[in-house]
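Chain by chain, the residues:
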2 protein chains.
Amino acid sequence: MDVYEAIAMRRDVRAEFTGAAVDDEVLGRVLGAAHAAPSVGMSQPWDFVVVRDAATRAGFYEHVQQERARFAAGLTGERAATFERVKVDGVLESTLSIVVTYDPARGGPAVLGRHAIADAGLYSVCLAIQNLWLAATAENLGVGWVSFYQEDHLRSLLDIPASVRPVAWLCLGPVERRQEVPDLERHGWRSRIPVEQVTHFERYTRGDGTA
Amino acid sequence: MDVYEAIAMRRDVRAEFTGAAVDDEVLGRVLGAAHAAPSVGMSQPWDFVVVRDAATRAGFYEHVQQERARFAAGLTGERAATFERVKVDGVLESTLSIVVTYDPARGGPAVLGRHAIADAGLYSVCLAIQNLWLAATAENLGVGWVSFYQEDHLRSLLDIPASVRPVAWLCLGPVERRQEVPDLERHGWRSRIPVEQVTHFERYTRGDGTA
């Protein structure tokens, strides 16, 4: 699949997972794509935990529902009603999950390019996630990033050491169909803004939308 | 270009920029790819500042050299000698730069999916950067992420408000050739690790390299 096609077809999947099997070779290619991402000082500070175990996923799902309720409790009126329609995860329906973590100790002590920006290692992990997402899209798989969780809860669920930070819980698997419009837009949560609105020239304060 | 091909060919470019022109249409496609990234709560919290001005780039370049010296001062022996061979930016040689920022206020006050993980918005910005990087690769352009800078310095250079965080300074432009091996590996700074070493199954502490 062409790069631009994958970028355009990529969706954050919740409801469309079928639960059908994912071939080990395909999973290997997707993880290989993630691992080929750039990283600060070539530290490659990511780890991937492939979770298929039903009990682990059920435990995480329950936690996600609590966090969903916590977020919902802070909403009122139209926001509360709109959010009620939004599905925030496909943990149980997807074939498997991949938890991506950040290890600040990898490649240390002097990580080239991280002395001025401590978060640069965290940024690298996200680049790997986007590679994974696009490769999965090219493999006709859906990916859904779940962020309704407390990091410490996930640490204890997967025996992640305190020094390592969970960055994402990604649901992965075949989908019955691809949505063309993102869920949150279809459900009326928010509309996408045009790229001109976030493009500036020479200075942050100049050129937005009019240059 | 195929997704996997772009992922494999993508490099972090320093020395190979030619400075040749970049077509506005091509730049538009690359920024469009970045803007098509997933984002927490569909907040699209990124901004892109296209910098061509020679004085701005010269000012940034000077700052980068100071930060380079600061990092070098902390190294000794083999590390110091190896780092001496490493070029950390292509700010002056590349055609233009794109500074990518994060605005936490975008899509607020209640950003869906960010209540438990404050950094989720920052993660979204990085996903956009990787889209940009792969699209540029497909356009036969090189991208080099410079991270030898202080965020406040960059804020003041580009009139970025205090509430907005600079995430990346990306050099962009045509290149005379693509390196197959990353600079830091060629120069002996660090070697890439195999993906098996960072892949685990069911628990973080299980399966690394042996599963």
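This text goes with the structure placed above it.
Within every chain, residues take consecutive numbers counted from 1 along the sequence as written. Note on labels: chains are lettered from A, ligands numbered from 1, in written order. Since the coordinates come from a predicted model, pLDDT governs what is reported: local features require at least 70, and pairs of side-chain atoms require 80 or more to be given and counted, while whole-chain, interface and lining totals use all residues.

1. Concerning the overall build of chain A
1) Next: Helix and strand counts for chain A come out as 7 helices and 5 strands.
2) Next: Runs of E in the DSSP output that reach at least two residues are strands. Runs of H or I that reach at least four are helices, and both are numbered from the N terminus. Moving toward the C terminus, one meets the helices and strands of chain A in the order α-α-β-α-α-β-α-β-α-β-α-β.
3) Next: Taken over C-alpha atoms, the radius of gyration is set against a globule rule of 2.2 Å times the number of residues to the power 0.38. For 211 residues, the compact-globule formula gives about 17 Å, and the C-alpha radius of gyration of chain A, at 19 Å, lands near that figure.
4) Next: Dimensions of chain A along its principal axes, counting C-alpha atoms only, are 50 × 50 × 40 Å.
5) Next: Here the C-beta atoms are placed from the backbone, and a residue counts as buried if at least 20 other C-beta atoms lie within 10 Å of its own, exposed if 12 or fewer do, and partly exposed otherwise. Looking at chain A as a whole, 48% of its 211 residues are labelled buried.
6) Next: Here the analysis covers contacts within chain A between residues at least 6 apart in sequence; of these, 84% occur between residues at least 24 apart. Whether two residues are in contact depends on their C-beta atoms, placed from the backbone: they are in contact if these lie within 7 Å.

2. Some remarks on the nonpolar core
1) Next: Nonpolar cores are built from buried Ala, Val, Leu, Ile, Met, Phe, Trp, Tyr and Cys residues. These are joined into a set through C-beta atoms within 7 Å. The biggest cluster of nonpolar side chains holds 131 residues, and the ones touching the most others in it are Val100, Ile129 and Ala135 of chain A together with Val100, Cys126, Ile129 and Ala135 of chain B.
2) Next: Setting aside residues no more than four positions away along its own chain, Ala135 of chain A makes contact with Arg29, Val30 and Ala33 of chain A together with Val3, Tyr4 and Ile7 of chain B.

3. Structural notes on the packing of helix H5 (residues 120-138) of chain A against helix H5 (residues 120-138) of chain B
Helix-helix packing is described using two parameters, namely the angle between the two axes and the distance between the axes.
1) Next: Interaxial angle, 0 to 180 degrees, is taken between N-to-C directions of lines fitted to C-alpha atoms, where a helix line uses only the stretch in contact. Running from N to C, H5 of chain A and H5 of chain B cross one another at 60°; their axes reach a closest spacing of 8 Å. By the angle between their directions, the pair H5 of chain A and H5 of chain B is classed as oblique. As for how H5 of chain A packs across H5 of chain B, the hand of that crossing is right-handed. Listed contacts from H5 of chain B to Tyr123, Cys126, Leu127, Ile129, Gln130, Asn131 and Leu134 of chain A of H5 of chain A are Tyr123, Cys126, Leu127, Ile129, Gln130, Asn131 and Leu134 of chain B. Small angles under 35 degrees read as roughly parallel and large ones over 145 as roughly antiparallel, with 65 to 115 read as roughly perpendicular and the rest as oblique. Two helices that cross are described as forming a left-handed crossing if the nearer one is turned anticlockwise from the farther one by less than a right angle, and a right-handed crossing if clockwise.

4. Considerations on the interface of chain B and chain A
1) Next: On the side of chain A, 78 residues touch chain B, which itself brings 79 residues to the contact.
2) Next: A per-element tally of the side of chain B that touches chain A places H5 of chain B first, with 10 residues.
3) Next: Its residues assigned to classes, the side of chain B that touches chain A comprises 48 nonpolar, 17 polar and 14 charged. Here the term charged refers only to Asp, Glu, Lys and Arg, the term nonpolar to Ala, Val, Leu, Ile, Met, Phe, Trp, Tyr, Cys and Pro, and the term polar to all other amino acids, Gly among them.

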